[in-house]
Amino acid sequence: MNPLPELIQLAVPVREALDAGRPIVALESTIITHGMPWPVNFETARDAQRAVHDAGAVPATIAMLDGVIRVGLSEDELETLARAAAHHPERLRKCSVRDLAPALMQTASGGTTVAATMRVAARVGIAWFATGGIGGVHRGAQENFDQSADLLELARSPVGVVCAGPKAILDLGLTLEVLETQGVPVLGYGTDELPAFWSRSSGFRVDARLESPAAIAATAAAHWSLGARGGVLVTQAVAAEQELPASEVEVYIQRALRQAKAAGVAGKALTPYLLERVLEATGGACLAANQALMVANARLAGEVAVAYGALQKMPADQRQC
Ligand code: PSU
Ligand code: MN
């Protein structure tokens, strides 16, 4: 079952769920190591796992620990990782796809990004994944070529990714263009408009609005039945009570971008830097939004994974697709 036993280690509940064909939801860990401060990073990761569990699926947080890719962390392990991020940030890498093999060889530890988490999920056979906001095409990409590997992995790995849209620090229009080129369906759960992470509106439309987890599962199943090898992006807007209006947050994003430029921040450090500046500027309001949307996405991914599992077990002639 496990293709690379010494490199990827499955937690017992995850292995059992895989063997029994029960629904599983992968969760990323860069949000713990580089996305949120202590103790919110721990609380959010823990609550996301609980939300997946309450929806009837098995949570599988993926991270790199001492040169092993771990699939499924206990709450104690989440806390240890979250504390390490606070006390020894220099010891934890941000692992995207290109970073996994070197980190394995060097016995390193770190968080896995959306791209790396998708890759590992696909490798072990997990079809659903929840995160906060995906990476995408950065503003100014025309000059700096900065596009997140998340987009390329969405084109490659057949995993359904539930998120609150691309992070608002990005160029959302260009991000949608790349997703279109790569053949990745962008679905809206109860929304026509693409959500923009901390905000409910972006001015851009999703490809299809769907009203239920079952409809999302059936759409993904149809996409994969057609032989598509890539992922499906499911977007859910942050709850209205936690939302930061786009016009308000845009001012802080602009300022953070100027600060990043002045400080010469680029490459993999850019996204965490920008998120941290916006967090400071909003005095924690965007952190509360990030926390709420992450947990809500975990719950939805759990519901979709359950619906998808039921669909797989249904006789072929009774399936919608
Ligand atoms: N969302 C957050 N915080 C984060 C990230 C997403 O709220 O830290 C991480 C995700 O792991 C995502 C990564 O995959 O940022 C994208 O980084 P980059 O733009 O360097 O590819
Ligand atoms: Mn980048």
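Our structure is the block above this text.
Residues numbered from 1 in each chain as written. Chains lettered and ligands numbered in written order. Predicted model: local features only at pLDDT ≥ 70, side-chain atom pairs only at ≥ 80, totals over all residues. Heavy atoms only, no water.

Engineer: Tell me about the packing of helix α11 (residues 246-263) against helix α12 (residues 270-281), residues and numbers included.
Structural biologist: Running from N to C, α11 and α12 cross one another at 130°; their axes reach a closest spacing of 9 Å. Between α11 and α12, the interaxial angle falls into the category oblique. You can see that α11 and α12 cross each other, and the crossing is right-handed. Contact residues: V249, Y252, I253, R255, A256, L257, Q259, A260 and A263 in α11; L270, Y273, L274, R277, V278 and A281 in α12. Grouping the constituent residues of the contact of α11 with α12 by class yields 12 nonpolar, one polar and two charged. (Axes fitted to C-alpha atoms, helices over the stretch in contact; angles between N-to-C directions. Helix = DSSP H or I, 4+ residues; strand = E, 2+ residues; numbered from the N terminus. Parallel < 35°, antiparallel > 145°, perpendicular 65-115°, else oblique. Left-handed = near helix turned anticlockwise from the far one by under 90°. Contact = heavy atoms within 4.5 Å. Nonpolar A, V, L, I, M, F, W, Y, C, P; charged D, E, K, R; others polar.)

Engineer: Just give me the short version of the pairing of strand β8 (residues 160-163), but keep the residues and values in it.
Structural biologist: Residues G160 and V162 point to one face of β8 and V161 and C163 to the other, with burial holding for every one of them. Relative to β8, strand β7 (residues 128-130) runs parallel, the two sharing three bridges. Bridge pairing links F129 to V161 in β8. Here four bridges tie β8 to strand β11 (residues 232-235), and the two strands are oriented parallel to one another. Counterpart to C163 in the pairing with β11 is T235. (Buried < 20%, exposed > 50% of the residue type's maximum accessible area, 1.4 Å probe, protein only. Pairing = 2+ DSSP bridges.)

Engineer: Tell me about the nonpolar core, and name the residues and values.
Structural biologist: Counting residues in hydrophobic clusters, the biggest one holds 67 residues, and the most contacted among them are V25, L27, W128, W198 and V234. Of all the elements, helix α13 (residues 285-313) adds the most residues to this core, at 13 residues. Residues contacting V234, with those up to four places away along its chain left out, are W128, V161, V162, C163, L187, I216 and L300. Formed by 43 residues, the second largest nonpolar core is a distinct cluster that contains A17, A60, L176 and L194. (Core = buried A, V, L, I, M, F, W, Y, C linked by side-chain atoms within 4.5 Å.)

Engineer: Explain the pairing of strand β3 (residues 58-65) to me, using residue names and the numbers behind them.
Structural biologist: The element β3 is extensively covered by neighbouring structure, given that eight of its eight residues are classed as buried. The alternating pattern of β3 places V58, A60, I62 and M64 on one face and P59, T61, A63 and L65 on the opposite face, and all of these are buried. Where strand β2 (residues 24-27) lies against β3, four bridges are found, and the strand directions are parallel. Along β3, the bridge assignment pairs I24 with V58. Of the pairings in the sheet, the one linking β3 to strand β4 (residues 68-71) comprises four bridges and is antiparallel in character.

Engineer: Residue-level account of the environment of V71, with values.
Structural biologist: Along the chain, V71 turns up in strand β4. In this structure V71 comes out as buried when scored by relative accessible area, which is 0%. Put simply, V71 and L10 are 61 residues apart on the chain and 4.8 Å apart in space, counted from C-alpha to C-alpha.

Engineer: Explain the site of ligand 1 to me, using residue names and the numbers behind them.
Structural biologist: By nearness alone, 16 residues border ligand 1, and E28, K94, S148, D150 and T271 come closest of all. A distance of 2.7 Å is found between an oxygen atom of ligand 1 and a side-chain nitrogen or oxygen belonging to E28. In this structure, an oxygen atom belonging to ligand 1 sits 2.8 Å away from a main-chain N or O atom of V114. About the coverage of ligand 1: the protein hides 95% of its 480 Å² of free accessible area. Of all the elements, helix α2 (residues 30-35) adds the most residues to the shell around ligand 1, at three residues. Its residues assigned to classes, the shell around ligand 1 shows four nonpolar, eight polar and four charged. (Near = heavy atom within 4 Å. Polar contact = N/O pair within 3.5 Å; in protein donor to acceptor, adjacent residues only side chain to side chain. Areas by Shrake-Rupley, 256 points an atom, 1.4 Å probe, with all protein chains shown as cover.)

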